[in-house]
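Spelled out, the chains give:
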Amino acid sequence: DQQVKQNSPSLSVQEGRISILNCDYTNSMFDYFLWYKKYPAEGPTFLISISSIKDKNEDGRFTVFLNKSAKHLSLHIVPSQPGDSAVYFCAALSQGNLIFGKGTKLSVKP
Amino acid sequence: DTGVSQDPRHKITKRGQNVTFRCDPISEHNRLYWYRQTLGQGPEFLTYFQNEAQLEKSRLLSDRFSAERPKGSFSTLEIQRTEQGDSAMYLCASSLRQVVRTSGNTIYFGEGSWLTVV
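Heads up: these notes are all about the structure in this document.

Here is what the cut-offs are and how they apply
Throughout this description, residue numbers start from 1 for each chain and increase along the sequence as written. To read the labels, note that chains go from A and ligands from 1, taken in the order they are written. With pLDDT at 70 or above as the cut-off, local features in this predicted model cover only qualifying residues; side-chain atom pairs require 80 or more to be listed or tallied, and sums for whole chains, interfaces and linings still use all residues. Side-chain measures here rest on the full set of heavy atoms in the structure, leaving out hydrogens and waters. Pairing of aromatic rings covers Phe, Tyr and Trp, the last counted by its six-membered ring, and requires centre-to-centre distances within 6.5 Å; plane angles under 30 degrees mean stacked, over 60 mean edge-to-face, and any other angle means tilted. Every helix listed is a DSSP run of H or I at least four residues long, and every strand listed is a run of E at least two residues long, numbered separately from the N terminus. Working rule: Lys NZ or Arg CZ, within 6 Å of ring centre, within 35 degrees of ring normal, means a charge sits over the ring. Pairing between strands is defined by DSSP: at least two bridges between them are needed. Disulfides are defined in this document as cysteine sulfur pairs within 2.5 Å. For every residue, the accessible area obtained with a 1.4 Å probe (protein chains only) is divided by the maximum for its type, and the residue is called buried under 20%, exposed over 50%, and partly exposed between those limits. Salt bridge, as used here: a side-chain nitrogen of Lys or Arg that lies within 4 Å of a carboxyl oxygen of Asp or Glu.

Quick look at the packing of aromatic side chains
Within a pair of aromatic rings, the relevant descriptors are the distance that separates the centres and the angle that separates the planes. Evaluation of the coordinates by the stated rule reveals 16 aromatic pairs over all chains. Pairing Phe100 of chain A with Tyr35 of chain B gives two aromatic rings, centres 5.8 Å apart and planes at 90°, and the pair type is edge-to-face. Here the residue Phe100 of chain A occupies a position in strand β10 (residues 97-100), and Tyr35 of chain B occupies one in strand β4 (residues 31-37), the pair thus bridging two chains. Site record: aromatic cluster; members linked through ring pairs are Tyr36, Phe46, Phe89 and Phe100 of chain A together with Tyr33, Tyr35, Phe45, Tyr48 and Phe109 of chain B. Arg22 of chain B extends its terminal NZ or CZ atom over the ring of Phe74 of chain B, reaching a point 3.9 Å from the ring centre.

Set out below in structure tokens:
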């Protein structure tokens, strides 16, 4: 049973607009979440993380929001750029290793 | 560049052959992880080391798989008697001993090693 779920396999947005990628988790014991970006044939690259003691963390164009009661987090990218086109993985830290969702493929069109 | 490096990047092998992948972590990192990723899936945890000690192994790591980190630096992942279902990207990652819940310390991945079993 998947503990980290990314229910949208793909998302397409226009350059300059906001991209919102969603992630749900089932285990209320998870207390730290990370987002990774992955280009084809490369390893995942760390983007941003959030601890469960916060509900928001911002780094430049990237903001992650955490709603603990809903067991939901989202990654906002504003403004979206064509170079942001990649697969985005949500991950939860569990006992020292990461549990990943299946990813969402983001396409940013010029 | 002192990131996580993996070798080889690509390997094509015949079913039944053995393959070995090598990972060199970021130098000051004492935790090293192996993950596997197949098409349409997120990376799946296989095993991790704290220095030279293998602390956890996933049920995905069958008896045909063995990982070592003999001196607490580089690691190898060997797959014996490969099967077509082993075709995947094998990802190595490293971190400091404990992933502190701040953005300054996280798990960093290598470029991955693609395995194709024909």
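Notes on the sheet that holds strand β1 (residues 4-5) of chain A
The five strands lie next to each other as β1-β3-β8-β7-β6 (chain A), forming an open sheet whose pairing is antiparallel. Strand pairing shows two members of the sheet lacking a second neighbour, β1 and β6 (56-59) of chain A, which therefore form its edges.

Considering unusual backbone geometry
The step from Val78 of chain A to Pro79 of chain A runs through a cis peptide bond, and the omega angle for that step is -10°. Within the secondary structure layout, Pro79 of chain A lies in the loop between β8 (72-77) and β9 (86-94). The omega torsion across Asp7 of chain B and Pro8 of chain B is -5°, close enough to zero to call that bond cis. A positive phi angle, near 55°, is found at Asn51 of chain B, a position not held by glycine. Within the secondary structure layout, Asn51 of chain B lies in the loop between β5 (44-50) and β6 (53-57).

Some words on the state of the cysteines
Working definition of a disulfide: a covalent bond connecting the sulfur atoms of two cysteines. Counted under the stated rule, the structure contains two disulfides over all chains. Residue pairing for Cys23 of chain A: its cysteine sulfur links by disulfide to Cys90 of chain A, the two sulfurs lying 2.0 Å apart. An S-S torsion of about -70° defines the bridge between Cys23 of chain A and Cys90 of chain A as left-handed. Of the two residues, Cys23 of chain A sits in strand β3 (residues 19-25) while Cys90 of chain A sits in strand β9, which places them 67 residues apart along the sequence. Note on accessibility: Cys23 of chain A and Cys90 of chain A belong to one class, buried. Here Cys23 of chain B pairs with Cys92 of chain B through a disulfide, and the sulfurs are 1.8 Å apart.

Focus: the pattern of salt bridges
Once the charged atoms of two side chains with opposite charge are near each other, the side chains can pair. Residue and element names in this part refer to chain B. Enumeration over the complete set of coordinates arrives at five salt bridges over all chains. Across the salt bridge formed by Glu111 and Arg9, the nearest N and O atoms sit 3.9 Å from each other. With a gap of 102 residues between them, Glu111 in the loop between β10 (108-109) and β11 (113-117) and Arg9 in the loop between β1 (5-7) and β2 (10-13) connect regions that are remote in the sequence. Assessed through its relative accessible area of 34%, Glu111 is described here as partly exposed. Residues Asp86 and Arg64 are paired through a salt bridge, measuring 2.8 Å at the closest nitrogen-oxygen approach. A residue pair is termed long-range when its members are at least 10 positions apart, and Asp86 in the loop between β8 (75-79) and β9 (88-95) and Arg64 in the loop between β6 and β7 (65-68) qualify at 22 residues. The exposure class of Asp86 is buried, given its relative accessible area of 3%. Taking relative accessible area as the criterion, Arg64 reaches 11% and is therefore assigned buried.

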